[in-house]
Amino acid sequence: MPVEINENHMIPVAPGQAVGRGWLAPTGRRPMGVTWHWTATRDLATCRQVLGGADALRKGIASAHYGVGRSFEEGIDRYVALGDRAWHAGRGQTLRWDGRRAARATRGARATIGVETVNIGFARPGVAAGGDWIAAATPNGRHVRRIQPWTDEQVEMMIQVGKEIVARWPRIGPRDHHGHHDVCPGYKEDVAGFPFAPVLRGIYEDEAIPDVWGPLWLPRGRQKALIALGYDLGDFGPDGDGADGVWGRFSDDALARFQEAHGQVVNGMWTTFTSWAVYDAIAARGLGFDQILA
Ligand SMILES: [Zn+2]
């Protein structure tokens, strides 16, 4: 039973609002992917106040196509129609939907659908981690955060929203989904720890979509993957193979060499695009994450 989408807080397509009319010529007048965000709020009402409607607190500065609450009761908001652009990505958009370097016209907000999900983000002063919070590293691997988990009802609503997006824009495939932190690596941290695999499997009704995120959220998984691909990380760590779970200079060097060898932007940032490339390289060797991380 789908949740009814609340359209009472739609942002008018008018000057001074954080909406662009239509999609642009450089992307063929269509969105190329979906950028998932967290709100860093406790509830959808606050997200709505900040992003939604004509009189939002951040009127003309930021928006999103949807806001997804934490429960069916909170529900789903629509702020911008799928035929128009939401200004959801802000500063630091160095990469575009496919991990290539973004040009002005192909930056996230000009080329992707933006979905906000209510989640307080990572533990920090004033925000204490619960026992079930997710451990995930920043794109540069230097910090491991504890992140509030998304709820089961929220996952169902994210699948509903994803299905609506793909029904309208069917060329958006599973590999066209990423987090805000992927297009703004080093500047944004949402949505580290996001349940990409269950959400995408639900949207595309395909259980074969691999989880290329979960095994690589932590530095040790990233190191094990690079080592399996033949990169030398020294002899640190309990296995003496360099996988010590601390992201340092050796790891930086290996990641940069991997990015260079695979035609990626060489920036030392571990993104969804890196995860897919690593998954493909490992699969090409007849291996899977299960074997590598064992
Ligand atoms: Zn964001």
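Residues numbered from 1 in each chain as written. Predicted model: local features only at pLDDT ≥ 70, side-chain atom pairs only at ≥ 80, totals over all residues.

Participant: Mind laying out the environment of Glu 207, listing which residues take part and the relevant values?
Facilitator: As for its placement among the helices and strands, Glu 207 is situated in the loop between α5 (196-204) and α6 (219-228). Each C-alpha atom, one on Glu 207 and one on Ala 197, is 8.8 Å from the other, the two residues being 10 residues apart in sequence. (Helix = DSSP H or I, 4+ residues; strand = E, 2+ residues; numbered from the N terminus.)

Participant: So what about the domain arrangement of the chain? Which residues, and what values?
Facilitator: Assigned domains of the chain: these are domain 1 (5-204) and domain 2 (214-293). Taking only C-alpha atoms, the centre of domain 1 and the centre of domain 2 are 27 Å apart. The interface of domain 1 with domain 2 comprises 21 residues on the first partner and 17 residues on the second. The set of elements that each furnish at least two residues to the side of domain 1 that touches domain 2 consists of β8 (134-137) and β10 (177-179). Residue contributions to the side of domain 1 that touches domain 2 peak at 3 residues, all from β8. Counted by class, the side of domain 1 that touches domain 2 contains 8 nonpolar, 7 polar and 6 charged residues. (Domains from an automatic or database assignment. Contact = placed C-beta atoms within 7 Å. Nonpolar A, V, L, I, M, F, W, Y, C, P; charged D, E, K, R; others polar.)

Participant: I'd love a proper account of unusual backbone geometry, names of residues and values included.
Facilitator: Residues other than glycine predominantly adopt negative phi, and peptide bonds predominantly adopt the trans conformation. Of note, the amide linkage connecting Asp 190 to Val 191 takes the cis form, showing an omega dihedral of 20°. If you check the backbone angles, Arg 29 has positive phi at about 60° while not being a glycine. Along the chain, Arg 29 turns up in the loop between β2 (19-20) and β3 (33-38). With 10 C-beta atoms packed within 10 Å, Arg 29 lands in the exposed category. The phi torsion at Glu 205 lies on the positive side, around 45°, for a residue other than glycine. (Buried ≥ 20, exposed ≤ 12 C-beta atoms within 10 Å, placed from the backbone.)

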